[in-house]
Amino acid sequence: MVGKYATETLRADNGGIERAAQILRGGGLVAVPTETVYGLAARADDDEAVARIYAAKGRPSFNPLIVHVASLSAAERLAVFSEAARALARQYWPGPLTLVLSRQRGAGLAAAVTAGLDTVALRMPSHPAMRDLLEFTGLPLAAPSANRSGFVSPTSAAHVLGALDGRIDAVIDGGPSEAGIESTIVAVGEDGSRRVLRPGPILLEDIARPDAGGRIEAPGQLASHYSPGKPVRLDATEVAPDDFVIGFGAMEGDCTLSEAGDLAEAAARLYACFHQGAISDKPRIAVAPIPEEGIGIAINDRLRRAATPPD
Ligand code: TXA
Ligand code: MG
């Protein structure tokens, strides 16, 4: 134990969900499995609980959180849904799509959840343990990725403990995250307009073109993010002996994203390879070229941010 909490590891069964619900109702922090990455959950209606998320992650207070809900009707209590937003929710929920919508006044969300914005980010996840937890607590749960701010997102309970052991009350071990990359974020205007703020597992071409201006639209989408804590070189076709190589397809690595060149498999393994690279004794990370198509667009988005040194 490194911090002030004795972090419990819970199973993704009824007993584990009940214990997690008890901690959350009391305002505590529980890291939870989702189909994208592990999240760090707290009840979204409690200022102190939400403040604990920011403290445990070292997250800047200007960066708002995604609120996770059990149903579309729970979501409609928190945000104003246009027909376009409802259609996206019906098509993709439960699943890895986050909708940014106008906030419903008087919905009872802690102010820090939305970092002072008039909008709120909502998602209904599909991971069975997370769905059980949302239904069992009956609470909207704020949950950013369960990493220290700026670093690689976790796709296993072990990754969560590596970053947050002693800083949170518990983690539910629900096995490796299936998609492995954070949800696609789309802002839907009350007029039905759509803007992609973060590429992810739901493919852009199915929703809307990404914002072409390269502006930072999601406050957390900073140029430098997902850092494994050492220099990262992209599109590497030649490598040196002191490179930790992340391979793809024909280019084999110390960790290979997908020998078969399968982009979905590569997304699922991306952060596990980053975590391996981070703890290896090699001083640098070199990454094979990844095709800019399908979920490869989201993979390259994360790789570019990981390769950008912090200010
Ligand atoms: O897959 C996911 O989305 C995971 C799992 C745990 O659900 N969560 C996740 O949360 O990736 P986080 O906090 O790491 O990323 C949320 C992003 C941040 O870039 C944040 O700035 C943006 O969503 N965001 C949250 N509320 C927003 C809002 N009202 N307007 C624009 N962007 C928002
Ligand atoms: Mg994150």
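Note that the structure is a prediction, hence the values are computed from the model and not measured. (Residues numbered from 1 in each chain as written. Chains lettered and ligands numbered in written order. Predicted model: local features only at pLDDT ≥ 70, side-chain atom pairs only at ≥ 80, totals over all residues. Heavy atoms only, no water.)

## As for the overall build of the protein
To keep it simple, the criterion reads: Put simply, DSSP marks the helices as runs of H or I at least four residues long and the strands as runs of E at least two long, and each gets a number from the N terminus on. We compute the radius of gyration from the C-alpha atoms alone; for a globule the expected value is 2.2 Å times N to the 0.38, where N is the number of residues. Remark: exposure states derive from per-residue accessible area (1.4 Å probe, protein chains only) relative to the maximum for the residue type, with buried under 20%, exposed over 50%, and partly exposed in between. In this analysis, two residues are considered to be in contact whenever any of their non-hydrogen atoms come within 4.5 Å of each other.
For the protein, the helix and strand inventory stands at 8 helices and 14 strands. Over its C-alpha atoms the protein spans a radius of gyration of 19 Å, differing by no more than 12% from the 19 Å that the globule rule assigns to 311 residues. For the protein, the spread of C-alpha atoms along the three principal axes comes to 55 × 50 × 35 Å. Burial statistics for the protein: of 311 residues in total, 54% are counted as buried. For the protein, the proportion of contacts with a sequence separation of at least 24, taken over those separated by at least 6, is 68%.

## Regarding helix α1 (residues 14-25)
Three or four residues apart is the spacing at which side chains of an α-helix point the same way, because the helix has 3.6 residues per turn. Rules: A helix's residues, less one, multiplied by 1.5 Å, set its expected span. The reported arc concerns the directions from the helix axis to the C-beta atoms and nothing else.
The end-to-end C-alpha distance of α1, which contains 12 residues, comes to 16 Å, matching closely the 16 Å that a straight helix rising 1.5 Å per residue would cover. Among all positions of α1, only Gly16, Ile17, Ala20, Ala21, Ile23 and Leu24 are buried. One side of α1 carries all its buried residues, which in axial view fall inside an arc of 160°. Lining the buried residues of α1 we find β1 (8-11), β2 (30-32), β3 (39-43), α5 (128-137), β7 (141-142) and β8 (170-173). At the exit of α1 stands glycine 27, carrying a positive phi of roughly 90°.

## Points about the domain arrangement of the protein
Basically, it comes down to this: The split of the chain into domains comes from an automatic or database domain assignment. Using a 1.4 Å probe, buried area is obtained as the accessible area two parts lose upon being combined, added over both of them. For this document, the term salt bridge refers to a Lys or Arg side-chain nitrogen within 4 Å of an Asp or Glu carboxyl oxygen. We call two N or O atoms a polar contact when they sit within 3.5 Å, provided that within protein one can donate a hydrogen and the other can accept it, with sequence-adjacent residues counted only if both atoms are side-chain atoms. Amino acids are sorted into nonpolar (Ala, Val, Leu, Ile, Met, Phe, Trp, Tyr, Cys and Pro), charged (Asp, Glu, Lys and Arg) and polar (every other residue, Gly among them).
The domain architecture assigned to the protein consists of domain 1 (8-198) and domain 2 (232-307). In this structure, domain 1 and domain 2 have C-alpha centres spaced 27 Å apart. Surface buried jointly by domain 1 and domain 2 totals about 920 Å² across both partners, of which 63% is contributed by carbon and sulfur atoms. When the buried area of domain 1 at its contact with domain 2 is split by residue, Val152, His159 and Ile181 rank highest and sum to 54% of it. Remark: the boundary between domain 1 and domain 2 carries 1 salt bridge. Between arginine 302 and glutamate 182 there is a salt bridge; the shortest N-O distance is 2.9 Å. Linking domain 1 with domain 2 are 3 residue pairs in polar contact (both at pLDDT 80 or more). Looking at the side of domain 1 that touches domain 2 residue by residue, the classes come out as 5 nonpolar, 5 polar and 3 charged.

## Details of the sheet that holds strand β13 (residues 255-256)
Stated formally: At least two DSSP bridges between two strands are required for those strands to pair.
The 4 strands are arranged β11-β14-β12-β13 in an open sheet whose pairing can be described as parallel. The strands lining the two open edges of the sheet, one partner per strand, are β11 (232-233) and β13. The pairing of strand β12 (residues 243-247) with β13 spans 2 bridges and is classified as parallel. Paired with glycine 247 across the strands is threonine 256, a residue of β13.

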